[in-house]
Amino acid sequence: MDGPAAWLRSLLRGEPPLRPPGALEERAFVARCIRCDRCAEVCPYHALRPAGARRGLAAGTPEVVARDAPCWLCLRCPPTCPTGALAPVAAARDVRMGRASVIRERCYAHQGIVCRTCLDACPLQGEAILQDEELRPVVTERCVGCGLCEHRCPAEGSAIRVVARGGA
Amino acid sequence: MAGRWSRWRRATQVIAALVYVGLPFVGEPWLAGSLAALRVGRVDLVEPAGALSAVLASGAIPRALLLGSLPVVALGLLLGPVYCSWICPWGFLSEGIDRLRARGARWPDRAWEAVRRPRVVALVLVLFSSALLGAPLAALLAPPRLVTALPVEAWSGRVVPWFTGGLLLAFLGLELLGPRRLLCRALCPAGAMAAVLRRRFTWSPRFFANQCRCPDAPACHQGCPWGIDPRVASFRDGCTSCMACVDRCPPGALSGRSRAYPRGLQA
C-alpha cells in the first residue's frame, strides 16, 4: 500500500528497533501492540523498554537495547501479550529477534588479541557464534538476536551488534 | 457533601491508584498490566477502545483481544462508565484538579450538551486515524493508559518516561487551563467508548419525580461533576454512575439502587 499514508508512516517511523521474542513483523507489531506494558512488567531482567517519542507512532512499544539490557530468552513475555503482537515461542532456539554482526575494526579477535567473550556469552553455545581458523568470531544462521554478546563485548561501544530482523 | 456513595467511590479510586502504582513491583505473569490491559489470574481485561483501534490498525481480529474485551464491555453495559468514575487514576487526578481550580463553582446549565457529540466525533476520528496510520492511537494516547503505564516504564523499563510523562504533563496543562475536565468529558477515547456502551438498563441514578421537593437549582444538579441535571437525564448523556447526585438529594428522590430508566422517564 503506497501513497500518502505510507509516506507519512515512513516519515514517522525510523529503523526498526530490536523487538522482544515472538514479535510480529515490525509494521504488524506496531499496529497490534496496545502499549499495555505487560511484557515489560513481567520481564525479570528489565530488558523491555517502552520506545520513546523518537520512534514516532511506535512510541510506547517494547524494545530491547541490548548493550544496556539484553534478552535472556526466558520467554515470559510472549504469553502475557493480550493482542498476539508477541506470538507464542516454543523454545529459545526458535526466537527470531535479529542477528548479531561483528564490527571488525573494533573486534579484539580481529586485531590478533585473544578474546572469546561473545562466544562465552552466547546462550546457544557452539551454534550461533563459531570461530574461524584464526579464532575470530563468526555469527551463524542459528543466531536468534538476544544481544547477550553485544551486552558483554569488552570493546568500546561493542564490536558485535544485533541487527534487528527487517533492519539494514 | 461526602455521602455514602462518594465515600465508597473515593475509597475505590484510591485503591485502584495504589494497585496500579504497585503493579510493576509485583511483576508476576498472573497480575500485571495497565489500564490498557490488565491480567488477573487467567482473566484478561482489555480496554475496548484501545482494542478496537488495534483491530482497525492491524486489520486482524486476534481472539485473545476479543476475549479480553468481553468482560470489560459487559462491565460497561451493566455498570456504565465506572471505568472513568470509580477506577481510572487519571479521572481521580482530573477531579482533584477541577476541585482546585473551580472551588465549588457550578457548571453552566447543560454543560454536557456541548461535548456530547464532539466526544463521539473525537472517538471516531481517533479510530479512523488508527486505521490510516497503522497504530492503535486510542490505546497509545488514552490518559488512563498513560497514567498507569508511567510507573511500569520507570520501574520495569528502567527508562525516564519522557514520552508518557510529557504527554501527561501536556494533558495536565490542558486540564488546568482549558475547559474544565476537557479530556475526560470530550477527548478520552476510553471514556467515550464507556459512554457509548451505556444502555437503558445500565446502572445509573434513578429519579422518582413524586418525591422531588427541590426548586429550580437542586443540589443534585449542582453536585453533578458533569453539570447534568439527573431529573431529566438520558442514558445517552455523560453520566458516569458516580452517584454524587444521589448523595446530595435530601428527600431521597434519587436512588442508586434501583433500575435506571423506568418506562416513560427517558428524556
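Residues numbered from 1 in each chain as written. Chains lettered and ligands numbered in written order. Predicted model: local features only at pLDDT ≥ 70, side-chain atom pairs only at ≥ 80, totals over all residues.

**Concerning the overall build of chain B**
The criterion, for reference: Segments assigned H or I by DSSP are reported as helices when at least four residues long, segments assigned E as strands when at least two residues long, and all are numbered from the N terminus. C-alpha atoms define the radius of gyration, and 2.2 Å times the number of residues to the power 0.38 defines the globule rule. Residues are called buried when their C-beta atom has 20 or more other C-beta atoms within 10 Å, exposed when it has 12 or fewer, and partly exposed otherwise; all C-beta atoms are positioned from the backbone.
Within chain B, the secondary structure is distributed over 13 helices and five strands. The C-alpha radius of gyration computed for chain B amounts to 19 Å, which stays within 12% of the reference 18 Å derived for 267 residues, consistent with globular compactness. In terms of overall dimensions, chain B has a C-alpha envelope of 55 × 35 × 35 Å along the principal axes. Per-residue burial over chain B gives 48% buried out of 267 residues.

**Here we look at helix α3 (residues 63-79) of chain B**
Residue and element names in this part refer to chain B. Under the convention used in this document: A helix is expected to reach a length of 1.5 Å times the quantity of its residues less one. Fitting one axis to the seven residues ending at a residue and another to the seven starting there, the bend at that residue is the angle between the two axes. C-beta atoms are placed from the backbone for every residue, and two residues are taken to be in contact when these atoms lie within 7 Å.
With 17 residues, α3 should reach 24 Å at 1.5 Å per residue; the first-to-last C-alpha distance of 25 Å fits that figure. At Leu70, α3 shows its largest bend, some 25 degrees, and a proline, Pro71, comes one to four positions later. Every buried residue of α3 is listed here: Leu65, Gly68, Ser69, Val72 and Gly76. For α3, the elements touching its buried residues are β2 (37-40), β3 (43-46), α2 (48-58), α4 (82-87) and α11 (189-196). The first or second residue beyond α3 is Gly80, which carries a positive phi of 80 degrees.

**Quick notes on the interface of chain A and chain B**
Convention followed: Amino acids are sorted into nonpolar (Ala, Val, Leu, Ile, Met, Phe, Trp, Tyr, Cys and Pro), charged (Asp, Glu, Lys and Arg) and polar (every other residue, Gly among them).
Contacts between the two partners involve 32 residues from chain A, matched on the other side by 40 residues from chain B. Elements with a minimum of two residues in the side of chain A that touches chain B: α1 (4-12), α2 (26-32), α3 (38-42), β1 (48-50) and α4 (77-80) of chain A. Sorting elements by how many residues they give to the side of chain A that touches chain B places α2 of chain A first, with five residues. Looking at the side of chain A that touches chain B, its residues break down into 17 nonpolar, six polar and nine charged.

**Quick notes on the pairing of β3 of chain B**
Residue and element names in this part refer to chain B. What counts is decided by this rule: A strand pair is defined by DSSP finding two or more bridges across the two strands.
Judged by which residues are buried, β3 turns out to be one-sided: Asp44 and Val46 face inward and are buried, whereas Val43 and Leu45, on the alternate face, are not. Strand direction decides the pairing type here: β2 and β3, joined by four bridges, are antiparallel. Considered in β3, the bridge of Ala37 is made with Val46. The turn linking β2 back onto β3 is made up of two residues, and Gly41 within it adopts a positive phi angle of 65 degrees.

**Quick look at the domain arrangement of chain A**
All names here are of chain A. Condition: For every domain, the bounds stem from an assignment made automatically or drawn from a database.
In terms of domains, chain A is made up of domain 1 (4-80) and domain 2 (96-164). A straight line from the C-alpha centre of domain 1 to that of domain 2 covers 23 Å. Domain 1 puts eleven residues into the contact, and the matching count from domain 2 is twelve residues.

**Here's the deal with helix α5 (residues 89-102) of chain B**
All names here are of chain B. Over its 14 residues, α5 runs 20 Å from end to end, which matches the ideal 20 Å to within 8%, given 1.5 Å per residue. If you check which residues of α5 are buried, you get Pro89, Trp90, Gly91, Phe92, Ser94 and Glu95. For α5, the secondary structure elements touched by its buried residues are α1 (4-26), α4, α8 (143-155), α9 (162-177) and α10 (182-187). Directly beyond the C-terminal end of α5, a positive phi value near 45 degrees is found at Arg103.

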